[in-house]
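These are the residues of each chain, in order.
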Amino acid sequence: MITPQDAFSPSYARARVRFLEGAAAAGMSISSHNHPLPGRDGETLAMDVALDGGPDAERLLIVSSACHGAEGYCGSGVQVFAAHDAEWREHARAAGVAVLYIHALNPHGFSWVRRVTHENVDLNRNFQDFSQPLPVNRAYADLHDLLLPREWPPGPENEAAIHAYIQTHGLARYQAAVSQGQHAFADGLFFGGTAPTWSNVTLRQVLRRHGQRARRLAWIDLHTGLGESGVGERICACRDEAVALQRARAWWGGGGQTPVTSIYDGSSTSALLTGLMWCAAYEECPQAEYTGIAMEYGTVPITEVINALRGDHWLHQHPEAPAELRAAIQARMLAAFYVDTDAWKAQIVVQARQALFQAVDGLTAPA
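First, a word on scope: everything that follows refers to the structure included in this document. These figures come from a predicted structure and were not determined experimentally.

Let us look at helix α9 (residues 198–211). Since the α-helix packs 3.6 residues into each turn, any two residues three or four apart lie on the same face. End to end, α9 covers 19 Å across 14 residues, agreeing with the expected 20 Å (1.5 Å per residue, within 8%). Burial of α9 is extensive: 10 of the 14 residues sit out of reach of the surface. Along α9, the positions that sit buried rather than exposed are Trp 198, Ser 199, Asn 200, Thr 202, Leu 203, Arg 204, Val 206, Leu 207, His 210 and Gly 211.

Pasting the structure below:
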């Protein structure tokens, strides 16, 4: 057993080593899918996969991290702790549940402390049917130039314009306009892409390899950046179906102690989104009854998260920015998605561990 604090890492490279060492020590079956580009420090990037349990298990739990790269600092810590948690592993094993850890869905963003992939795509908006017309986000189009001004930090006129938009439309509408995803501005925020990304294609390969024998499939996808600092919101990650939401709430609701929210009924801190990653579970593992949540841990207020993302995208557009400004923008990005305190890390692990046990109990409950 390790402490919660010891499970978290100061870089992608270190997080990867800790994850692979923990999975190997636990005797898990490991496979790695190397990314085509190097990391920020020249390191190899990969989507690493570790299976704890039998490959033919009918009940499978997926635990994934770094869908949004920089959020992997949190998600990786949960996975590393779980690999060292003998009580948790025995609980899953005794129930006949195999656990598939997918470490660093977006390793490029994790390494470079960006939320997006190397294609500048938000992976959790990229699972669209690209043979059909893509969703249009007209509200984002109205904001794009304001969100990414010519200079950074923004001048007073820009700040006043953003403030006026929020005053007129409300903070929730501002968050939705910015974050729900868009496919028209390739250099913009929350860009969903115009084709499947490397991470999209690779994840589908993983699901086909490991998930097509499961009869019941659960998924906990680990995120940060929304809600009260340190609090993990369980957001239903299923289709807009009453039976799926009911099942997710029965599994993870804790009798009302750990409520499960939904983007469809307005109960979640997240806006209504499209192109979500878990759609791949239905498409690649159609034989399985699927139930999932996004575990969303709060860090800083949403306006600060959006401003950190604005700075990050501005920096991506301006590689000539001076070193001091670059460092400040990157530090702000990290702080927006990872709170580097012992107390926050302990909160993360306790809540994740609870959700893991709940998932196993749900998978083994009568259908």
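The omega torsion of the bond from Trp 152 to Pro 153 falls at 0 degrees, within 30 degrees of zero and hence cis. Examined against the element boundaries, Pro 153 turns out to sit in the loop between α6 (138–147) and α7 (156–169). Within the chain, Val 113 stands out as a residue other than glycine whose phi angle is a positive 55 degrees. Position of Val 113 relative to the elements: it lies in the loop between α5 (107–112) and α6. Owing to a relative accessible area of 4%, Val 113 belongs among the buried residues under this scheme. In this model, Asn 120 sits at a positive phi of 65 degrees, which is unusual for a non-glycine residue.

Moving on to the side chain of Asn 158. With respect to the helices and strands, Asn 158 occurs in helix α7. Excluding anything up to four places from it in sequence, Asn 158 contacts Leu 146, Pro 149 and Arg 310.

One pass over the structure, following the stated rule, counts 11 aromatic pairs. Put simply, the rings of Phe 8, Tyr 12, Tyr 73, Phe 110, Tyr 338 and Trp 344 pair up and form one aromatic cluster. Here Arg 239 stacks its cationic end above the ring of Tyr 282, 3.8 Å away from the centre of that ring.

Of all 14 residues in strand β5 (residues 216–229), 11 are buried, a share of seventy percent or more. Pairing between β5 and strand β8 (residues 289–298): 10 bridges, direction parallel. Across the sheet, Thr 224 pairs through a bridge with Tyr 297, a residue of β8.

Enumeration according to the criterion identifies 18 salt bridges in this entry. Between Arg 93 and Glu 90 there is a salt bridge, and its shortest N-O distance comes to 3.0 Å. Within this pair, Arg 93 and its partner Glu 90 are both found in helix α4 (residues 86–94), separated by 3 residues, close to a single helical turn. Measuring nitrogen to oxygen at the nearest pair gives 3.8 Å for the salt bridge that ties Glu 289 to Arg 247. Separated by 42 residues along the polypeptide, Glu 289 in strand β8 and Arg 247 in helix α10 (residues 242–252) bring together distant segments of the chain. Look at the salt bridges and you will find they share partners, linking Glu 71, Arg 115, Asp 122 and Arg 125 into a network.

Quick look at the nonpolar core now. In terms of nonpolar packing, the biggest core is built from 114 residues, with Leu 61, Trp 88, Ile 220 and Trp 252 touching the most fellow members. Among the elements that take part in this core, helix α14 (residues 342–364) stands out by supplying 10 residues, more than any other. The contact partners of Ile 220, leaving out residues within four places of it in the chain, are Leu 61, Ile 62, Val 63, Ser 64, Trp 252, Ile 293, Met 295, Ala 355, Leu 356 and Ala 359. Core analysis: the next-biggest nonpolar cluster, separate from the first, contains 6 residues, Leu 315, Ala 321, Leu 325 and Ile 329 among them.

What follows covers the environment of Gln 287. Structurally, Gln 287 is set in the loop between α11 (279–284) and β8. Using a relative accessible area of 27% as the deciding quantity, one classes Gln 287 as partly exposed. C-alpha separation for the pair Gln 287 and Ala 214, spaced 73 residues apart in sequence, amounts to 7.5 Å. Those residues in contact with Gln 287, other than ones at most four positions away along the chain, are Gly 211, Gln 212, Arg 213, Ala 214 and Arg 215. Polar side-chain contacts of Gln 287 include one of 2.8 Å to the backbone oxygen of Ala 214.

Conventions we followed
Residues numbered from 1 in each chain as written. Predicted model: local features only at pLDDT ≥ 70, side-chain atom pairs only at ≥ 80, totals over all residues. Heavy atoms only, no water. Helix = DSSP H or I, 4+ residues; strand = E, 2+ residues; numbered from the N terminus. Expected span 1.5 Å × (residues − 1). Buried < 20%, exposed > 50% of the residue type's maximum accessible area, 1.4 Å probe, protein only. Contact = heavy atoms within 4.5 Å. Phe/Tyr/Trp six-rings, centres within 6.5 Å; stacked < 30°, edge-to-face > 60°. Lys NZ or Arg CZ within 6 Å of the ring centre and 35° of its normal. Pairing = 2+ DSSP bridges. Salt bridge = Lys/Arg side-chain N within 4 Å of Asp/Glu carboxyl O. Core = buried A, V, L, I, M, F, W, Y, C linked by side-chain atoms within 4.5 Å. Polar contact = N/O pair within 3.5 Å; in protein donor to acceptor, adjacent residues only side chain to side chain.

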